[in-house]
Amino acid sequence: MSTITPQNALIYAMVIAAVADGRLKDSEIAALEVAVRHLPIFKGYGVDAMQVATGDCVALLDQEDGIDAALGLVKEALPKDWCETAYALACDIVAVDGHGGQEELRWLEMLRHELGVERLHAAAIERGAGVRYKRLPGDQPKK
């Protein structure tokens, strides 16, 4: 039995992607809240639970080998048919600010491998996230 719920595992996947660049930005927190409020997979799961899970994940990631521990918890808690959902949500969090940096992309790759998301499926998911978060010319994300 996992120590986190499947919904918490989805939050952890998004937080892992968000903090890969060293910090959790306001835009990323807002995207987490939008997901929790509007996606069917979070039905019955509130923003308060999201905030607790986010804090727990950030604290875990601050520890030595925290990324490995967090990835292990995500893998353990997710039903197999939720793995691509977790990866898609993580990609959305990376895309929300316009583009993923090297560290974010490396952590996404680690997540993909841990969850067993096939490369071709991952490419389609990544492309979809990029298309959803396309920006107008000259509209740069705030740093």
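The structure under discussion appears in the preceding block.
Scope of this entry: the structure provided in the associated data block. All values derive from a computational prediction rather than experimental measurement.

## With respect to the overall build of the protein chain
Here is step 1 of the chain: Counting its secondary structure elements, the protein chain contains 7 helices and 0 strands.
Here is step 2 of the chain: Reading the protein chain from its N end, one meets helices and strands in the order α-α-α-α-α-α-α.
Here is step 3 of the chain: Along the first, second and third principal axes, the C-alpha atoms of the protein chain reach 50 × 35 × 35 Å.
Here is step 4 of the chain: In the protein chain, buried positions account for 43% of the 143 residues.
Here is step 5 of the chain: Residue pairs at least 24 apart in sequence account for 78% of intrachain contacts in the protein chain once pairs closer than 6 positions are excluded.
Here is step 6 of the chain: Surface summary for the protein chain: the accessible area is close to 8,000 Å², and the carbon and sulfur share equals 54%.

## As for the nonpolar core
Here is step 1 of the chain: Grouped together as the largest cluster of nonpolar side chains are 51 residues, with contacts concentrated most on Ile11, Ile16, Phe42, Leu61 and Leu78.
Here is step 2 of the chain: Sorting elements by how many residues they give to this core places helix 1 (residues 6-19) first, with 11 residues.
Here is step 3 of the chain: Once residues within four sequence positions are removed from consideration, isoleucine 11 is found in contact with Leu32, Val36, Phe42, Tyr45, Met50, Ala53 and Thr54.

## Let's talk about the packing of helix 2 (residues 26-38) against helix 3 (residues 47-61)
Here is step 1 of the chain: In contact at an axis separation of 10 Å, helix 2 and helix 3 are set at 140° when each is read in the N-to-C sense. The orientation of helix 2 with respect to helix 3, classified from their angle, is oblique. In this structure, the crossing between helix 2 and helix 3 has a hand that is right-handed. On the side of helix 2, the interface is formed by Leu32, Glu33, Val36 and Arg37, while helix 3 contributes Val47, Met50, Gln51 and Thr54.
Here is step 2 of the chain: Its residues placed into classes, the contact of helix 2 with helix 3 shows 4 nonpolar, 2 polar and 2 charged.

Rules used in this analysis
- Residues numbered from 1 in each chain as written.
- Predicted model: local features only at pLDDT ≥ 70, side-chain atom pairs only at ≥ 80, totals over all residues.
- Heavy atoms only, no water.
- Helix = DSSP H or I, 4+ residues; strand = E, 2+ residues; numbered from the N terminus.
- Buried < 20%, exposed > 50% of the residue type's maximum accessible area, 1.4 Å probe, protein only.
- Contact = heavy atoms within 4.5 Å.
- Areas by Shrake-Rupley, 256 points an atom, 1.4 Å probe, with all protein chains shown as cover.
- Core = buried A, V, L, I, M, F, W, Y, C linked by side-chain atoms within 4.5 Å.
- Axes fitted to C-alpha atoms, helices over the stretch in contact; angles between N-to-C directions.
- Parallel < 35°, antiparallel > 145°, perpendicular 65-115°, else oblique.
- Left-handed = near helix turned anticlockwise from the far one by under 90°.
- Nonpolar A, V, L, I, M, F, W, Y, C, P; charged D, E, K, R; others polar.

Just geometry here; none of it tells us what the structure is for.
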